[in-house]
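Observations on chain architecture
The chain contents come next:
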Amino acid sequence: MAYSSSASALLLLTLGVVALAEPVHFLDCGEHWAGPLRPAPSPNFPKLAHCSAVGKVQVVEVIPCPVQPCKLHKGESYSVNVTFTSDVWSQNTTASVHGIILGVEVPFPIPQPDGCKCGINCPIEKGKTYNYSNKLPVKSEYPSMKLVVEWKLLDDKSNLLFCWKIPIEIV
């Protein structure tokens, strides 16, 4: 009987995590991005055509983010998972994250900027699909506000493997 309730609890926990891992709608901000805060047809930035320079984003997940804009709580860290396909070969990758506040890019430090240490087995091969995973820590000293997060992953020639933006709210 104890085994049955443990299995049930594990199943409910797993379903809860899966529910929180819903892909977010993102704006691909690759080479065709026009302006720092170009408005999208929907306030939730519906997925647009892929336009990162040398890669194609399939899925962006921010966990937990059950609804958009994602409400990120100060002092907590969020998982970011991106599934993308590379159009080039690259020996290494480098990630950068910015908050866009009134059109100004403000760097957000991430724990690991080396994409090859974030679930990607480098070198990256042309035509292969990868799952990139990192953390986005929200510092306690960040002000409460709405903004746009921009996340870029560059290849070894500083071309965009991916670039995406999502609206968030720091609470």
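Presented here is an overview of the structure given in this document. Think of each chain on its own: its residues are numbered from 1, step by step along the sequence as written. Local features in this predicted model are restricted to residues whose pLDDT is 70 or higher, and side-chain atom pairs enter the listing and the counts only when it is 80 or higher, whereas totals over whole chains, interfaces and linings include all residues. Heavy atoms throughout the structure, all of them, feed into the side-chain values; hydrogens and water do not.

Time to look at the pattern of salt bridges. A side chain of one charge can pair with a side chain of the opposite charge when the charged atoms of the two come close. Salt bridge criterion: a side-chain nitrogen from Lys or Arg within 4 Å of a carboxyl oxygen from Asp or Glu. If you walk through the whole model with that rule in mind, you get four salt bridges. Across the pair lysine 152 and glutamate 150 runs a salt bridge, and its minimum N-O distance is 3.7 Å. One salt-bridge network, held together by shared partners, links Glu150, Lys152 and Lys165.

Right, let's get into the state of the cysteines. A covalent bond bridging the sulfur atoms of two cysteines is what the word disulfide describes. Defined by distance alone, a disulfide is two cysteine sulfur atoms within 2.5 Å. Under the definition given, this model contains two disulfides. One disulfide in the model links cysteine 65 with cysteine 70; its S-S distance is 2.0 Å. Where cysteine 65 bonds to cysteine 70 through sulfur, the torsion about that S-S bond is close to -90°, and the disulfide is left-handed. For the pair cysteine 65 and cysteine 70, a shared accessibility class is recorded, and that class is buried. Cysteine 116 shares a disulfide with cysteine 122; S-S distance 1.9 Å. Where cysteine 116 bonds to cysteine 122 through sulfur, the torsion about that S-S bond is close to -85°, and the disulfide is left-handed. With no disulfide of its own, cysteine 118 lies closest to cysteine 116 among cysteine sulfurs, the gap being 8.8 Å. Summary of the burial criterion: residues with accessible area below 20% of their type's maximum are buried, those above 50% are exposed, and those between are partly exposed, where the area comes from a 1.4 Å probe applied to protein chains only.

To continue, consider unusual backbone geometry. Along the chain, glutamine 68 connects to proline 69 via a cis peptide bond; the corresponding omega equals 0°. When you line up the elements, proline 69 lands in the loop between strand S2 (55-63) and strand S3 (70-72). You will see that leucine 102, though not glycine, has its phi angle at about 55°, which is positive. Topologically, leucine 102 is positioned in the loop between strand S5 (94-101) and strand S6 (104-107). Judged by its relative accessible area of 85%, leucine 102 falls in the exposed class. The phi torsion at serine 158 lies on the positive side, around 65°, for a residue other than glycine. Going along the chain from the N terminus, every DSSP run of H or I of four or more residues is numbered as a helix, and every run of E of two or more is numbered as a strand. Tracing the chain through its elements places serine 158 in the loop between strand S8 (145-154) and strand S9 (160-170).

Another point: the nonpolar core. Here, nonpolar core refers to any group of buried Ala, Val, Leu, Ile, Met, Phe, Trp, Tyr and Cys residues whose side-chain atoms link them within 4.5 Å. Residues Phe84, Tyr132, Trp151, Phe162, Trp164 and Ile166 are the most contacted members of the largest nonpolar core, which totals 35 residues. Examining the composition of this core, we find that six residues originate from one element, S9, more than from any other.

Attention now moves to the sheet that holds S2. Two strands are counted as paired when DSSP detects at least two bridges linking them. Strand order in the open sheet formed by three strands is S2-S4-S7, with antiparallel pairing between adjacent strands. The open sheet has two free edges, formed respectively by S2 and strand S7 (129-137), since each of these has just one partner strand. Averaged over all pairs of adjacent strands, the angle between strand axes in this sheet comes to 20°, irrespective of strand direction. Where strand S4 (residues 77-86) and S7 come together, nine bridges link them in antiparallel fashion. Residue pairing in the sheet places serine 77 in a bridge with proline 137 of S7. Every axis in this analysis is a line fitted to C-alpha atoms, fitted for helices over the stretch in contact. Angles between the N-to-C directions lie between 0 and 180 degrees.

Across the ten residues that make up S4, a large majority, eight, are buried. Two strands pair when backbone bridges link them, and S2 and S4 are joined in this way by eight bridges, in the antiparallel orientation. In the sheet register, valine 59 faces S4, and the bridge partner there is threonine 83.

Turning our eyes to something else, we now look at the side chain of threonine 85. Relative to the assigned elements, threonine 85 resides in strand S4. When its relative accessible area of 15% is taken as the criterion, threonine 85 is described as buried. Pairing of N or O atoms within 3.5 Å defines a polar contact, subject to two protein rules: one partner must be a possible hydrogen donor and the other a possible acceptor, and residues neighboring in sequence count only if both atoms are side-chain atoms. Here glutamine 58 takes part through its side chain, which lies 3.2 Å from a polar atom of the side chain of threonine 85. We call two residues in contact when some of their heavy atoms are within 4.5 Å. Each residue touching threonine 85, except ones within four places of it in the same chain, is listed here: Gly55, Lys56, Gln58, Gly127, Lys128 and Thr129.

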